[in-house]
Amino acid sequence: RQQDAMAKRSKDDLRSPICCILGHVDTGKTKLLDKIRQTNVQEGEAGGITQQIGATFFPADAIEKKTAVLGADRAEKLKVPGILIIDTPGHESFTNLRSRGSSLCNIAILVVDIMHGLEPQTLESIRLLRDRKTPFIVALNKIDRLFEWKAIPDNSFLDSLAKQKPSVQAEFEKRVSETMLAFAEQGLNSQLYYKNKNFAKYVSLVPTSAHTGEGIPDMLNLLINLTQSRMSEKLMYITELECTVLEVKVIEGLGTTIDVVLVNGWLHEGDRIVVCGLNGPIVTTVRALLTPQPMRELRIKSQYVHHKSVKAALGIKISAPDLEKAIAGSRLLVAGPDDDIEDLKEEVMSDLTNLMTSIDRT
Ligand code: GDP
């Protein structure tokens, strides 16, 4: 089965990359996510940005619209269907998001406050990213706080910078050099993304403002460029399932549910699934696959939309019996007709030692 799945892989059929946001508290992680999502509210559902369980999906159309302001600097062509950004910023979500001992994030955004530079949790984040070998970009956020910055909402960063007074440009250059020096002290080469000639050796810095939206087109474009050019191997769509439990939650009317990120493959109602439990592996059957109602339909009684089946990558809530002892961070496996349940139980539990270490740490 694995071989069949591998043979069917193609660079023309990529899944959406999964992106995490981390960094020191108050650097603007939440605000950045809100700002990217806002287009959704303002333009109705036109952009097709969907809020999912534990994640937000930004389809290619919405990214194309958002990056239009970049003109010729835009990525040549979007090959990925979109980007799935994990909503819960911070360390806990990142440490728990493992899949086969590594992070499920394909790429991360490390947010740094341009006025503060590297802070204690920034350094911790760098360590985590290195441990997991997760590629990342740096959002140098809060550029609107540079003294006398003149904001041009949602503009490309370079255009905004060109329109600032020389004193503002000078303060920007000074703060960027300080940040690059601080990264160098951590053993990291960094460079402003538009000057970066070697993405393998230099971490890209993208100046942003979560308040004015400036630089956000640049950030999205960079994410697309990096994932498409450097990760297409990893992103080739396969039918082989890859799925991780984000959270275990009790929901009124549904009982204990698990929120999962489906990284690759399909899930169907009625699938027999296996996940890690505190008292051993749990084997159960998917009763419902759920996502939240779209924004404008919030008045509808039921809180969730039911799906017969779903395709990666997305965040989804699973309702099934016997999930009370399920462990966040566990992999989720689906038992096919030819699978030996005992093998799957063993496979799923083999990650447990790793999970326990990360639970201890949080
Ligand atoms: P988090 O802890 O990293 O999620 O940070 P938040 O998103 O909660 O932001 C922390 C504070 O910084 C809030 O008061 C935000 O309004 C503010 N903030 C975030 N991004 C920006 C920005 O780009 N410019 C300015 N001026 N303030 C920002």
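Our subject is the structure that appears above.
What counts and how
Residue indices follow the written sequence of each chain, beginning from 1 at its first position. Local features are withheld for residues below a pLDDT of 70 in this predicted model, meaning they are given only at 70 or higher, and side-chain atom pairs are given and counted only at 80 or more; totals for whole chains, interfaces and linings count all residues. Note that the side-chain values use all heavy atoms of the structure and ignore hydrogens as well as water. Strands here are runs of E lasting at least two residues and helices are runs of H or I lasting at least four, both read from the DSSP assignment and numbered beginning at the N terminus. Should any heavy atoms of two residues lie within 4.5 Å, those residues are considered in contact. Accessibility throughout is a Shrake-Rupley quantity obtained with a 1.4 Å probe, and a residue counts as covered only by protein chains that appear here. Three labels apply to residues, based on accessible area from a 1.4 Å probe with only protein chains included: buried if under 20% of the type maximum, exposed if over 50%, partly exposed otherwise in between. As used here, the term nonpolar core means buried Ala, Val, Leu, Ile, Met, Phe, Trp, Tyr and Cys residues forming a set that is joined through side-chain atoms within 4.5 Å. Here the rule is simple: two strands pair whenever DSSP picks up at least two bridges between them. Salt bridge criterion: a side-chain nitrogen from Lys or Arg within 4 Å of a carboxyl oxygen from Asp or Glu.

## Examining the overall build of the chain
1) Next: Check the secondary structure of the chain and you find 11 helices and 20 strands.
2) Next: Relative to all contacts within the chain whose residues are 6 or more apart in sequence, the contacts with residues 24 or more apart total 72%.
3) Next: A total of about 16700 Å² of accessible surface is found on the chain, and carbon and sulfur atoms cover 51% of it.

## So, the side chain of T67
1) Next: The topology assignment puts T67 in helix α3 (residues 60-67).
2) Next: The residues contacting T67, other than those within four sequence positions of it, are R74, P217, L220 and N221.

## Observations regarding the environment of I85
1) Next: When you line up the elements, I85 lands in strand β4 (residues 82-86).
2) Next: Relative accessible area serves as the criterion here: at 0%, I85 is assigned to the buried category.
3) Next: C-alpha of I85 to C-alpha of C105: the two residues are 20 residues apart in sequence and 9.1 Å apart in space.
4) Next: With residues near it in sequence (within four places) discarded, I85 still touches C19, I21, L33, I36, G54, A55, T56 and F58.

## Digging into the nonpolar core
1) Next: Ranked by size, the top nonpolar core spans 34 residues in total, and within it I85, I109 and I137 carry the most contacts.
2) Next: Only β1 (18-23), α2 (29-42), α3, β4, β7 (107-113), β8 (136-141) and α8 (216-230) provide two or more residues apiece to this core.
3) Next: Take this core: its biggest share by element is seven residues, from α8.
4) Next: With residues near it in sequence (within four places) discarded, I109 still touches C19, C20, I21, L22, I137, A139, M219 and L223.
5) Next: Listed in part, the 33 residues of the second largest apolar core include L289, V310, A312 and L314.

## A look at the pairing of strand β15 (residues 282-285)
1) Next: Only one face of β15 is buried, namely the one carrying I282 and T284, since none of V283 and T285 on the opposite face is buried.
2) Next: Relative to β15, strand β14 (residues 272-275) is paired through four bridges, and the arrangement is antiparallel. If you follow V275 over to β15, its bridge partner there is I282.

## Regarding the pattern of salt bridges
1) Next: Summed over all chains, the structure comprises 11 salt bridges.
2) Next: Across the salt bridge formed by E171 and R175, the nearest N and O atoms sit 2.8 Å from each other. A residue pair is termed a helical-turn pair when its members lie 3 or 4 positions apart in one helix, as E171 and R175 do in helix α7 (residues 166-185) at four residues.
3) Next: Given the relative accessible area of 15%, E171 is considered buried.
4) Next: A salt bridge links E347 to R331, with the nearest nitrogen and oxygen atoms 3.2 Å apart. In this pair, E347 is assigned in helix α10 (residues 341-349) and R331 in the loop between β19 (314-319) and β20 (332-335), connecting sequence segments 16 residues apart.
5) Next: By sharing partners, the salt bridges in this structure join E247, K249, D259 and K317 into a single network.

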